[in-house]
Structure formats: structure tokens, C-alpha cells
Amino acid sequence: MSRRFVITFGCPDRIGIVARIATFLADLGGLIVEAAYHTDQDTGWFFTRQEIDASTLGVGIDELRARFGEIAAELAEERDWNIMDTDERRRVVILVSREGHCLYDILGRVASGELDVDVTAVIGNHPDLAAITEAHGIPFHHVPFPVDDKPAAFARLRELVEASDPHAIVLARFMQIVPADLCASWSGRALNIHHSFLPSFVGARPYHQAHRRGVKLIGATCHYVTAELDAGPIVEQDVIRVGHADSITDMVRRGRDIEKMVLARGLRWHLENRVLVHGNKTVVF
């Protein structure tokens, strides 16, 4: 794909926003190759995402940002906007514990070129996944989380993550509750995955609880990390069916399958700047 500049913009809706942005880009000679629009009827907030062929513009990314900032200010006093350059490599840091299915899936997609990003580090609170990480040529950092000194562990985690200045921080079954200050620092960048048994089957052995209850669907949710546990803005969800003949082992396998798929989709959309967050909701173009 040719180099593109991706504009995302949100503001209170009013007449003329689309025309003003289109005129601005046309005046620069910009060819719009993909465009999407949405207005949330409950909040009256307008959203758009536009991809422009960078070779058609007579300005670089820095000047485009400066000029579009003026247009954004003209359109609305309250606004949220960003311009991404697809030539800038996306950097990802992955946080793990012992379960490896989500990590294996992401590393496989990166190795095959399906997900064209740089995984700059994998950080685990257990060393179990070091070998597979290092086999992919990626640094693995083991940060233990002793019960009596978790603040120090999170301080070390912050240091390792922020050294990469990542575009995405993926909690790939990272079984630690991220403190509020880190949630704030990583707001809009940290993605988590959890199964759909919450809140119905809380605590240990949720698949055993679900099996006893005879559930027919297993789902997964990919969402942004916030201080409210498992309640951040939802990026993607999906479900997979299970039946009466499925064993607990079958259910665990199917649950892991759906978690991998949902996390991969959510991560890709985030890295492509397709997710616009407004309050605790998202628009995914």
C-alpha cells in the first residue's frame, strides 16, 4: 500500500464539517482514498476518519498537522483529532503471565507479515514465555510481582514499557490489575482481552463453573484499559458456540480461540487508527 496520511477527527456535529474538511484537502491536492463518517445521535458528536494518498499532497506530515490544526479549531471549540503517517512503524509492547495463546498468535502474525509492526519487548510477571519470545528475536523481560512489593514491580514495568514509546500496550492475558496512575498514562494505548464469563462466573475456574451451568456461548471482549477493571471502552467482541457434548477442555480451547481472534482484530484496528474513543464508547471505522 502506498504511503498514506490518516486523519481522525471528532467534534460536536454541525452543518458543513464534511465540506470544510474536503475543501481543505482538495486545496492541497490531496486524494482521499478512504473516508468514513458517523454522528452519535445520543451525544450529538461527529466522527470521521480519512485516508489521503500522501504522494498527492504538496506538504509533509508536519505542515499538514499544523494546517489541519487551524481547520479543527475553526470547526469546533471542543474537538479531538490526530493525523497518522503510515510510513511510521507501529511499536507494540506485550505484557504476559503464564498463558501463551494470545502471545503465540500475535508473534505468528508478526512473523508472517500479516501484522506489520515492531514488537519491541515482551514483559512477563513469570518467565514461562521467555523462550518463545526470544525465538522470535524479541527481548523478554521478567518482572516478578511479589505480593508485598507490587508498587516497585509496576514502577519497573512502566520503565520498560515507556522505553519503547509504544503505540500499543497489549495485555495478552497479563494477570495483574494495572494501577490507576498507569491506566491514566497509557490511556487509549493499552488493550486488554477477557472472556465473557464475567460477571456471571467470578473467581477461580470459570470454565468449570460455565460447564456446570450448561452455557451455549463463549465470548471475548477486547477493550481499552481503565482504572475500572474490565470496563474500559470496547473495541471488539465476538462469540463462539459450545454444546452439551463439549468437555471443559473443549470449552477452554474454544475460549482461547475466540480470545485470539478478538484481540488480533482489536489490535489491528487500533494500530490503523480506526478506533475513535468518546467517553466510554468507541466508533470503529
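Residues numbered from 1 in each chain as written. Predicted model: local features only at pLDDT ≥ 70, side-chain atom pairs only at ≥ 80, totals over all residues. Heavy atoms only, no water.

If you trace the four strands from one edge of the open sheet to the other, you get E2-E3-E1-E4, paired in antiparallel fashion. Each edge of the sheet is formed by a strand with only one pairing partner; in this case those strands are strand E2 (31-40) and strand E4 (80-85). Strand after strand, the sheet turns through a mean of 10° between neighbouring axes, direction not considered. Against the sheet, helix H1 (residues 17-27) makes contact with strand E1 (4-12), E2 and strand E3 (45-53), and its axis sits at roughly 20° relative to E3, the strand it touches most. Contacts from helix H2 (residues 61-75) reach E1 and E4, with the element oriented near 160° to E4. (Pairing = 2+ DSSP bridges. Helix = DSSP H or I, 4+ residues; strand = E, 2+ residues; numbered from the N terminus. Axes fitted to C-alpha atoms, helices over the stretch in contact; angles between N-to-C directions. Contact = heavy atoms within 4.5 Å.)

The phi torsion of most residues other than glycine is negative, and most of the peptide bonds are trans. The phi dihedral of Arg 173 falls on the positive side, at around 65°, and the residue is not glycine. You can see Arg 173 is positioned in the loop between strand E8 (168-171) and helix H6 (180-185). Among the residues examined, Arg 173 registers a relative accessible area of 11% and is labelled buried. Even without being glycine, Asn 273 reaches a positive phi, approximately 55°. Among the structural elements, Asn 273 can be located in the loop between helix H8 (248-271) and strand E12 (275-278). (Buried < 20%, exposed > 50% of the residue type's maximum accessible area, 1.4 Å probe, protein only.)

Next up on the list: the pairing of E8. A two-sided burial pattern is seen for E8, the buried positions comprising Ala 168 and Val 170 on one face and Ile 169 and Leu 171 on the other. Where strand E5 (residues 91-96) and E8 come together, four bridges link them in parallel fashion. Across the sheet, residue Ile 94 finds its bridge partner in E8, namely Val 170. Pairing of E8 with strand E9 (residues 190-195) involves three bridges; the strand directions are parallel. Residue pairing for E9: Ile 169 is matched across the bridge by Ala 190. In terms of handedness, the path from E8 via H6 over to E9 forms a crossover that is right-handed. (Right-handed = clockwise from strand over helix to strand, strands pointing away.)

Purely geometric stuff here, so don't read any function into it on its own.
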